[in-house]
Amino acid sequence: MAEAMDAGEYRPNIFARPLGKESVVTVVGAGAAPTGPWSYVTGIPNPGSDMVGPPPPYLSVAAWAA
Amino acid sequence: MGVAYRGNIALDDIKVDFEVKPIGPPNAIGFGVKETVTLIGKISEQERVRLERASNYCPVGQALTKGSMQVEDQVLWASGELLTASPTPEGLKALEGNLPAIPPGTVHAQYLLDTKELDESGGMVHEGEAKVTVRCDNLTRSSGWIVLGGHSTPGWVPGPFPLAHGGWAASTAATLSQLLPQTGDDLKVELAIARTSGGPAESQSNAAAGVVAHRQVSRRITVPGTPQDIPLDMVQAALLRDPMSITYQHGGILLEHNVVVG
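Every value quoted in this text rests on a predicted model; they were computed, and no experiment measured them. (Residues numbered from 1 in each chain as written. Chains lettered and ligands numbered in written order. Predicted model: local features only at pLDDT ≥ 70, side-chain atom pairs only at ≥ 80, totals over all residues.)

1. Brief notes about the sheet that holds strand 8 (residues 128-137) of chain B
Residue and element names in this part refer to chain B. Condition: DSSP bridges decide pairing: two strands pair if at least two such bridges lie between them. Numbering of helices and strands runs from the N terminus, with a helix taken as a DSSP run of H or I at least four residues long and a strand as a DSSP run of E at least two residues long. Only the stretch in contact is used when fitting a helix axis, every axis being a line fitted to C-alpha atoms; angles between N-to-C directions are given from 0 to 180 degrees.
Strand order in the open sheet formed by six strands is 9-8-5-1-2-12, with mixed pairing between adjacent strands. Each edge of the open sheet carries a strand with a single partner, namely strand 9 (142-151) and strand 12 (254-261). Looking at each pair of strands side by side, their axes are set apart by 15° on average, direction ignored. When strand 8 meets strand 9, the two strands line up antiparallel, connected through ten bridges. Pairing of Asp137 across the sheet is with Ser142, part of strand 9.

Right, dumping it as structure tokens:
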């Protein structure tokens, strides 16, 4: 059974929001830190237009490669 | 590179190549990768094996192949209700609906040698950064993008671990935007990642020793409306379709792994 939660200690540092059905904007390192934040646009494959950035899994694979 | 340095392995350079392949139903993770690591330097077979293990047990590799992340999900509705979404109810079926296939492509990382930082006594301060070239099929052409990641004092680029989480957050947002009804631009995914006490040195030590280090992360998904509009189990069922969430929970995207001395 799900329960309501106390949000007092919650400190997110990565945010992602879709822009329509074709892309997602993500901010990494958004919390209080000496460096960052860094923003990325990832693309969602769709029949109407070219993706404006790599699909999201490619961002994670790129991180693995780095 | 950090593991090689701390292990006194004469690694001059390193290149990493991934081939990304779409994987559809019935093994519907969404994608798989073949990895080739090319080590450049005078490296013995024993050292090659050690670096091969390190590449498998780096923090990102652990998250993507060994299910090392312990994820606690929450769903927040625009109406103000906040509920835990972990664990997923046993027997819950994945939400139906069309998700676009992940296109095939490649990922190539080139280590930027001159970004390595040493202190006055020659000790490694930061292992440096890498330039990653991503290429994949697009609607009308093959497209390419550059991503930078690594560790350096100026901090121009993110560390690989938070960057990987960025891909996971983006994947979650993309999947939910396709499957949930009428989310529009009101959908948001947030990750709260606890810092580890040991930092990169501890991560490299774990990688060298082949130790899986479990890490906590909280994921909060904000959806429009009320729990009556978008029920909790609908969100949970949609997450069962997300390629990166499946990968983070269960690992399994590594189809093939080769470490060669070039």
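2. Notes on the confidence of the model for chain B
This is how it is decided: As a per-residue measure, pLDDT reflects the predictor's confidence and takes values from 0 up to 100.
For chain B, per-residue confidence averages 89 on the pLDDT scale, and residues scoring 70 or more make up 94% of the total. Under the prediction, the complex receives an ipTM of 0.91, its pTM being 0.91.

3. Some details on the pairing of strand 8 of chain B
Two faces belong to every sheet, and in a regular strand the side chains alternate between them. Residues and elements named next belong to chain B. Judged from the eight bridges that link them, strand 5 (residues 105-112) and strand 8 form a sheet pairing that is antiparallel. Following the sheet pairing, Thr106 is matched in strand 8 by Arg135. The antiparallel hairpin formed by strand 8 and strand 9 contains four residues in its connecting segment.

4. Here's the deal with the environment of Ala237 of chain B
All names here are of chain B. Condition: A residue pair is marked as a contact if its C-beta atoms, positioned from the backbone, fall within 7 Å.
Checked against the element boundaries, Ala237 lands in helix 6 (residues 232-239). Distance in space between the C-alpha atoms of Ala237 and Gln249 is 14 Å, their sequence separation being twelve residues. Contacts of Ala237, omitting those with residues within four sequence positions, involve Leu92, Lys93, Ala94 and Leu95.

5. With respect to the packing of helix 1 (residues 56-65) of chain A against helix 4 (residues 160-179) of chain B
Going by this rule: Roughly parallel covers angles under 35 degrees, roughly antiparallel covers those over 145, roughly perpendicular covers 65 to 115, and oblique covers all other angles.
Between helix 1 of chain A and helix 4 of chain B, whose axes approach to 7 Å, the crossing angle comes to 170°. Accordingly, the angle class assigned to the pair helix 1 of chain A and helix 4 of chain B is roughly antiparallel. Where helix 1 of chain A approaches helix 4 of chain B, its residues Pro56, Pro57, Leu59, Ser60, Ala63 and Trp64 of chain A are matched on the opposing element by Pro160, Leu163, Ala164, Gly166, Gly167, Trp168, Ala170, Ser171 and Ala174 of chain B.

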